[in-house]
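Coordinate inspection notes
Spelled out, the chains give:
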Amino acid sequence: MVGIGNDLHRLEAGRRLVLGGIEIESELGCVAHSDGDALLHALTDAILGACGAGDIGDLFPDTDIKYKGADSRQFVAEALRIMHSRGLRLVNIDAVIMLQTPKLSSYKAHIRRNIAEICGLDESLVNVKAKTGERLGYIGNSQGVEAICVVQAEK
Ligand code: MG
């Protein structure tokens, strides 16, 4: 089974930027109801997708006060619980982060390790890529940060 997820958050000055559970040093951060971790939101949707369990908005509505400022690791944990309850387990994860600035090269290894730990996978089974927007469009103009994630799962 495979699952895909993506997520997009608007960027604004003076907010936190968290990607893959790691705090990124940045002048711009995410406008979001939760901690705005686009990568973990994309991962949550990919996990839910692989087990046919809907999407993050079904499970954790952004109108629910309970999730205000929420640590997005709990969304991934709940999606994994659902996956395991359906007799599936994660095989591997591949992800792309799209952000103009700052460059994420110095964060990628840390993000990868953190996701591997959250998901109980060996680091070799998690891959994280980072792209800029080549100064084009909403990524390139630093209006937003986006993440795409694909997961494979098996019985
Ligand atoms: Mg989101």
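Figured I'd write up the structure that's included with this text. These figures come from a predicted structure and were not determined experimentally. (Residues numbered from 1 in each chain as written. Predicted model: local features only at pLDDT ≥ 70, side-chain atom pairs only at ≥ 80, totals over all residues. Heavy atoms only, no water.)

**Some remarks on the coordination of the magnesium ion**
- Protein coordination of the magnesium ion is provided by D7 (OD), H9 (NE2) and H41 (ND1), with donor distances spanning 2.1 to 2.2 Å.
- Within one chain, the residues donating to the magnesium ion are spaced in sequence as D-x1-H-x31-H. On the criterion of sequence distance, the pair formed by D7 in strand β1 (residues 2–13) and H41 in helix α1 (residues 38–50) is long-range, its members being 34 residues apart.
- The class of D7 is buried, set by a relative accessible area of 17%.
- The exposure class of H41 is buried, given its relative accessible area of 7%. (Donors = N, O, S within 2.8 Å, 3.2 Å for Na, K, Ca; no water. Helix = DSSP H or I, 4+ residues; strand = E, 2+ residues; numbered from the N terminus. Buried < 20%, exposed > 50% of the residue type's maximum accessible area, 1.4 Å probe, protein only.)

**Re the environment of Y138**
- Locating Y138 in the fold gives a position in helix α5 (residues 137–140).
- The class for Y138 is partly exposed, based on a relative accessible area of 40%.
- Y138 sits 128 residues away from R10 along the chain, and the two C-alpha atoms are 9.0 Å apart.
- There is a polar contact of 2.6 Å between the side chain of Y138 and the side chain of E146. (Polar contact = N/O pair within 3.5 Å; in protein donor to acceptor, adjacent residues only side chain to side chain.)

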